[in-house]
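Residue-level structural notes
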There are 2 protein chains.
Amino acid sequence: MGNCLVAQSGGPTSVINATVAGVIQANQLNPIYEHVYGGLHGIEGILNEEFVDLTNLSDNGIQLLKQTCASALGSCRYKLKRDNVEDFEKIMAILDAYNIDTMFYTGGNDSMDTVAALSEYAAEHNIRNHRFIGCPKTVDNDLVITDHCPGFASAAKFLATVAKLTWMDVNVYTRQEVFILETMGRDAGWLAASTVLSGKVDLLVLPEVEFDKDRFLAQVKEIVDAKNKCYIVVSEGAKFADGTYLAAGEAKNDGFGHAVLGGAGNAIKNMILESGVAKRAKVQDMSTLQRCNAACQSKVDVEESFRLGMSAHMHSQDPTFTGKMVAVKRPEEGAYNPLFFTVDAKEVANFVKHVPAEWILDDYRGMTQEFYDYALPLIQGEPDVIMDNGVIAQIEPFYL
Amino acid sequence: MGNCLVAQSGGPTSVINATVAGVIQANQLNPIYEHVYGGLHGIEGILNEEFVDLTNLSDNGIQLLKQTCASALGSCRYKLKRDNVEDFEKIMAILDAYNIDTMFYTGGNDSMDTVAALSEYAAEHNIRNHRFIGCPKTVDNDLVITDHCPGFASAAKFLATVAKLTWMDVNVYTRQEVFILETMGRDAGWLAASTVLSGKVDLLVLPEVEFDKDRFLAQVKEIVDAKNKCYIVVSEGAKFADGTYLAAGEAKNDGFGHAVLGGAGNAIKNMILESGVAKRAKVQDMSTLQRCNAACQSKVDVEESFRLGMSAHMHSQDPTFTGKMVAVKRPEEGAYNPLFFTVDAKEVANFVKHVPAEWILDDYRGMTQEFYDYALPLIQGEPDVIMDNGVIAQIEPFYL
């Protein structure tokens with residue numbers, strides 16, 4: 001009997017560990033693998049043979065894992081390059097040594113590219129005893145084909161909550177107030193758009209719409225003149241027509257050649273103050289917390305992420321199943337319930353799913369009903385969680 | 001039968017409305033007032049006779065009010081000056097017109113000064129039919145005499161949660177990371193200190209300790225050298241030995257002559273990067289959300305705030321009870337349970353309660369056991385809340 005390996009890559013979400021928990025749970029129900037190994041720090045740790053044995057994680061451990069944010073196994077931004085044969089050879093040798101039949105890899109775009117690259121390498125070299133399965137996760141919700149990505153909904157639920165509560169806060173005084181909430185999301189506006197679920201957003205600036213400063217400021221003026229307040233949400237990836245980010249001054253680069261964004265909120269604040277359409281403006285940048293607030297998980301999201309891990313484990317019984325990602329779709333009618341299907345990882349890798357243009361209202365006025373219909377079912381429910389002296393309990397990271 | 005008036009002032013908290021709910025509930029149980037009026041936007045709205053009738057708020061409304069953040073009645077930063085006789089005369093005339101026996105005023109330092117000033121004016125002018133009672137609230141927890149202030153514990157619970165979860169996030173990569181969380185708190189370090197309840201804080205910078213840059217950077221270096229990570233929390237009010245704020249560059253002024261703080265986190269980040277003790281540092285400024293995150297209320301806090309409102313109502317049956325604030329103490333032994341007592345509002349107004357120096361560890365290394373014993377009982381429990389389509393429900397603000 002062989003073993004399996006599960007590892008995590010890319011940026012944290014609130015429910016990424018639930019997928020790992022699902023793999024472990026599925027193997028406890030149907031032990032097709034002798035050991036479920038966790039690989040630490042993704043490909044980076046796998047190359048160093050940094051493994052932990054998760055096979056017999058207790059029920060309590062599984063529940064803790066489901067409510068633990070970020071990557072309990074550690075993450076990496078190590079890019080497996082197709083021309084780096086040495087890395088591929090080394091990984092295959094390590095998988096041989098540990099008798100690993102299946103490697104489950106949770107992550108976003110780059111991780112699906114890793115899954116595709118490893119399975120292509122195996123196919124080209126006639127390696128049939130190692131299979132590679134991707135499990136999507138990203139708060140950005142920017143993977144194609146899958147209806148949405150585990151992790152998005154909890155971040156969306158939190159951001160809608162933030163918008164609702166900070167709107168309550170910003171309204172208490174009679175004075176003029178402009179409040180600007182900045183969200184993550186890279187070049188896709190899903191996270192920023194989710195704040196409209198609060199019902200409180202006046203203006204929404206998404207990367208999908210070329211930013212027209214004059215048009216935007218005219219909207220701010222109209223709203224401030226009408227009610228002396230304006231609640232604005234801006235995505236970190238918002239861009240001018242020429243493709244430069246609003247946050248351009250502060251843009252840097254991460255290891256993958258992605259721009260590290262931040263500062264769109266301040267850019268908008270400065271525009272507003274300089275133009276004189278309002279006299280006061282305050283920025284809240286949700287920064288890191290929005291992708292790791294396990295204290296605001298969507299129950300739909302965490303259960304879906306868990307089931308996706310179980311589904312991946314079940315699919316892996318098929319000895320020809322490799323280079324695939326488990327994806328989510330929704331029932332064509334009736335109440336929301338996640339349905340799982342599979343897709344070639346290479347069809348997902350390196351594409352970006354944007355918010356559909358036809359769901360975005362003109363003049364930064366928010367989203368159409370289609371978006372509400374899409375997003376609302378995903379943010380429902382709050383899981384019962386284990387607390388630790390007044391603060392949500394988290395599993396001790398396996399990499400420490 | 002006369003009426004009573006309840007109004008709110010100062011900055012929002014997550015549980016300030018629970019005190020209002022307590023006054024309403026107490027009057028439903030024992031209707032000593034014909035009407036419970038809500039005054040909108042504190043003294044500012046009272047001067048304009050902006051009242052709503054809260055007497056018969058439904059059970060559902062009371063529950064919603066308990067879970068609604070910020071000030072459902074609106075707030076103000078209007079400073080009632082003792083030499084502005086016109087304001088005092090106007091207020092007394094309005095209280096006459098509405099037959100208001102008792103005015104309950106929730107707020108911090110300045111609000112207690114308002115309570116003291118109004119009761120002193122009444123005494124000096126032999127006005128016996130209007131009484132003034134203060135109900136403390138402030139996330140800053142800086143009121144003297146009372147053991148703590150309603151609102152602090154929920155903000156503390158949220159900040160401890162933020163520290164725990166962002167610590168999980170910042171650790172996932174193998175690379176060096178310095179994370180800096182900035183909290184509110186003005187010149188008192190209570191909120192920043194509360195993050196140690198997460199068990200994850202390496203270094204804590206409080207306003208109570210003169211900031212020594214070299215000493216601090218030496219600590220950062222020691223920690224980064226040892227584990228390649230450092231989790232730092234800094235209070236917005238942290239100061240150098242000469243009294244200037246770390247955030248000095250960005251300091252402005254609010255209507256009360258208080259400095260508007262912000263930027264201590266960035267100041268620390270810049271120091272660290274410039275000194276070279278670490279190569280990367282990231283700041284999370286919790287900003288507005290920390291004082292209004294009703295989705296992370298402490299059950300102890302919200303119930304205490306509610307009971308404090310009930311207690312204030314009960315005390316007001318005494319026709320000589322005026323110029324007082326209802327304060328909280330804890331049992332001398334046994335499990336935590338709030339006990340209420342009263343104190344002259346003038347003894348609270350315009351003083352600041354700092355974190356005791358003997359509770360603060362040297363070299364920014366956190367807090368002694370005394371602080372944990374003080375704070376932990378306050379952040380316990382999570383109330384059952386009414387949800388609205390995936391997001392915590394909030395009552396429609398009365399001032400809209």
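Residues numbered from 1 in each chain as written. Chains lettered and ligands numbered in written order. Predicted model: local features only at pLDDT ≥ 70, side-chain atom pairs only at ≥ 80, totals over all residues.

**Topic: the overall build of chain A**
Scanning chain A from terminus to terminus reveals 13 helices and 15 strands. Its C-alpha atoms give chain A a radius of gyration of 22 Å, near enough to 21 Å, the size a compact globule of 400 residues would have. Projected onto its principal axes, the C-alpha coordinates of chain A cover approximately 70 × 45 × 45 Å. Residue burial in chain A is summarised as follows: out of 400 residues, 61% are buried. Within chain A, contacts between residues at least 6 apart in sequence are counted, and of these 76% link residues at least 24 apart. (Helix = DSSP H or I, 4+ residues; strand = E, 2+ residues; numbered from the N terminus. Rg over C-alpha atoms; globule rule 2.2 N^0.38 Å. Buried ≥ 20, exposed ≤ 12 C-beta atoms within 10 Å, placed from the backbone. Contact = placed C-beta atoms within 7 Å.)

**Remarks on the environment of leucine 378 of chain B**
All names here are of chain B. With respect to the secondary-structure elements, leucine 378 resides in the loop between α13 (369-375) and β14 (387-388). By the C-beta count within 10 Å, which is 27 here, leucine 378 ends up buried. For leucine 378 and lysine 299, which are 79 residues apart along the polypeptide, the C-alpha to C-alpha distance reads 8.5 Å. Those residues in contact with leucine 378 that lie beyond four places of it in its chain are His148, Ala153, Ala156, Ser298, Val300 and Asp301.

**Some details on the domain arrangement of chain A**
Residue and element names in this part refer to chain A. Domain annotation of chain A identifies domain 1 (3-150 + 294-351 + 381-392) and domain 2 (153-290). Inter-centroid distance (C-alpha atoms) of domain 1 to domain 2 is 32 Å. The partner domain 2 presents 16 residues to the 16 residues of domain 1 that form the contact. The residue makeup of the side of domain 1 that touches domain 2, split by class, is four nonpolar, six polar and six charged. (Domains from an automatic or database assignment. Nonpolar A, V, L, I, M, F, W, Y, C, P; charged D, E, K, R; others polar.)

**Observations regarding the relation of the copies chain B and chain A**
When chain B is fitted to chain A, the best match, at an RMSD of 0.0 Å, comes from turning it 180 degrees and sliding it 0.0 Å along the axis. Expressed as an axis order, the relation between the two copies is that of a two-fold axis. (Least-squares fit on C-alpha atoms with pLDDT ≥ 70 in both.)

**Some remarks on the sheet that holds strand β11 (residues 282-285) of chain B**
All names here are of chain B. Pairing in this open sheet of four strands is parallel, and the strands run β7-β8-β6-β11 from one edge to the other. With one partner strand each, in any of the chains shown, β7 (203-205) and β11 form the two edges of the open sheet. Averaged over neighbouring strand pairs, the angle between their axes works out to 20 degrees when direction is ignored. Bridging between β7 and strand β8 (residues 229-235) involves three bridges; their strand directions are parallel. Bridge pairing in β8 links leucine 204 to valine 233. Packed on one face of the sheet, helix α6 (residues 152-170) meets β6 (177-183), β8 and β11 and runs near 165 degrees to β6. Relative to the sheet, helix α8 (residues 213-227) contacts β6, β7 and β8, its axis offset from that of β8 by approximately 150 degrees. (Pairing = 2+ DSSP bridges. Axes fitted to C-alpha atoms, helices over the stretch in contact; angles between N-to-C directions.)

**Some points on α6 of chain B**
The end-to-end C-alpha distance of α6 of chain B is 26 Å, a good match for the 27 Å that 19 residues give at a rise of 1.5 Å each. Burial analysis of α6 of chain B places 19 of its 19 residues in the buried class, which makes it a mostly covered element. (Expected span 1.5 Å × (residues − 1).)

**Things to note about the environment of aspartate 187 of chain B**
All names here are of chain B. Assignment of secondary structure puts aspartate 187 in the loop between β6 and α7 (190-194). We classify aspartate 187 as buried; it has 20 C-beta atoms within 10 Å. Considering only alpha carbons, one finds aspartate 187 and leucine 206, 19 residues apart in sequence, at a separation of 8.6 Å. Setting aside chain neighbours within four positions, we find aspartate 187 in contact with Pro207, Gly237 and Val352.

**Digging into the interface of chain B and chain A**
Between chain B and chain A, the contact holds 47 residues from the first and 47 residues from the second. Residue assignment for the side of chain B that touches chain A shows that the elements contributing at least two residues are α6, β11, α10 (289-292) and β15 (391-392) of chain B. Element by element, the count of residues in the side of chain B that touches chain A is highest for α6 of chain B, at nine residues. Taken together, the residues of the side of chain B that touches chain A sort by class into 21 nonpolar, 19 polar and seven charged.

**Re the sheet that holds strand β2 (residues 36-39) of chain B**
Residues and elements named next belong to chain B. Across the sheet, seven strands lie side by side as β3-β2-β1-β4-β5-β12-β13; this open sheet has mixed pairing. Each edge of the sheet is formed by a strand with only one pairing partner; in this case those strands are β3 (51-53) and β13 (339-344). The sheet shows a mean angle of 30 degrees between the axes of neighbouring strands, taken without regard to direction. Of the pairings in the sheet, the one linking strand β1 (residues 3-8) to β2 comprises four bridges and is parallel in character. Paired with leucine 5 across the two strands is tyrosine 37, which belongs to β2.

**A word on helix α9 (residues 264-275) of chain B**
All names here are of chain B. Taking 1.5 Å per residue, 12 residues should reach 16 Å; α9 reaches 16 Å between its end C-alpha atoms and fits that length. Taken together, the buried positions of α9 are occupied by Ala264, Gly265, Ala267, Ile268, Lys269 and Ile272. Where α9 is buried, its residues touch β6, α8, β8 and β11.

**Structural notes on the pairing of strand β12 (residues 324-329) of chain A**
For a regular strand, side chains alternate in direction, first toward one face of the sheet and then toward the other. Residues and elements named next belong to chain A. The buried fraction of β12 amounts to five of the six residues, a majority that puts the element mostly inside the structure. Across two bridges, strand β5 (residues 131-136) lies against β12 in parallel orientation. Residue pairing for β12: glycine 134 is matched across the bridge by methionine 325. One ladder, built from six bridges, connects β12 with strand β13 (residues 339-344); its direction is antiparallel. The residue of β13 that forms the bridge with lysine 329 is leucine 339.

**Observations concerning the packing of helix α1 (residues 16-29) of chain B against helix α3 (residues 59-66) of chain B**
The axes of two packed helices give the description: the angle between them and the distance between them. All names here are of chain B. Running from N to C, α1 and α3 cross one another at 155 degrees; their axes reach a closest spacing of 7 Å. Relative to α3, α1 is oriented roughly antiparallel. Facing Asn17, Ala18, Val20, Ala21, Ile24 and Gln25 of α1, the residues of α3 in contact are Ile62, Leu65 and Lys66. Of the residues that constitute the contact of α1 with α3, the class distribution is six nonpolar, two polar and one charged. (Parallel < 35°, antiparallel > 145°, perpendicular 65-115°, else oblique.)

**Let's talk about the nonpolar core**
Counting 278 residues, the largest nonpolar core has Ala156 of chain A together with Ala156 of chain B as its most contacted members. Sequence-distant contacts of alanine 156 of chain A, defined by excluding residues within four places in its chain, comprise Leu191, Ser194, Leu197, Ala375, Leu378 and Ile379 of chain A. (Core = buried A, V, L, I, M, F, W, Y, C linked by C-beta atoms within 7 Å.)

**Points about unusual backbone geometry**
Of note in this structure, aspartate 363 of chain A is not a glycine but carries a positive phi near 55 degrees. Structurally, aspartate 363 of chain A can be placed in the loop between α12 (345-348) and α13 (369-375). Since 13 C-beta atoms lie within 10 Å of it, aspartate 363 of chain A is described here as partly exposed. One non-glycine residue, alanine 70 of chain B, lies in positive phi territory at about 60 degrees. You can see alanine 70 of chain B is positioned in the loop between α3 and α4 (85-97).

**Things to note about the confidence of the model for chain A**
Confidence along chain A averages 95 in pLDDT terms, with 96% of residues attaining 70 or more. Reported for the predicted complex are a pTM of 0.96 and an ipTM of 0.96. (pLDDT = per-residue confidence, 0-100.)

**Thoughts on the environment of alanine 26 of chain A**
Residues and elements named next belong to chain A. Within the element layout of this structure, alanine 26 appears in helix α1 (residues 16-29). Through-space distance from the C-alpha of alanine 26 to that of methionine 314 is 7.4 Å; in sequence the pair is 288 residues apart. For alanine 26, the contacting residues outside a window of four places in its chain are Gly309, Met310, His313 and Met314.

**Regarding the packing of α8 of chain B against α9 of chain B**
All names here are of chain B. Where α8 meets α9, the axes come as close as 11 Å, and the angle between the chain directions of the two elements is 70 degrees. Taken together, the axes of α8 and α9 are roughly perpendicular relative to one another. Taken together, the residues of α9 that come into contact with α8 (itself represented by Lys213, Leu217 and Val220) are Met271, Ile272 and Ser275. Counted by class, the contact of α8 with α9 contains four nonpolar, one polar and one charged residues.

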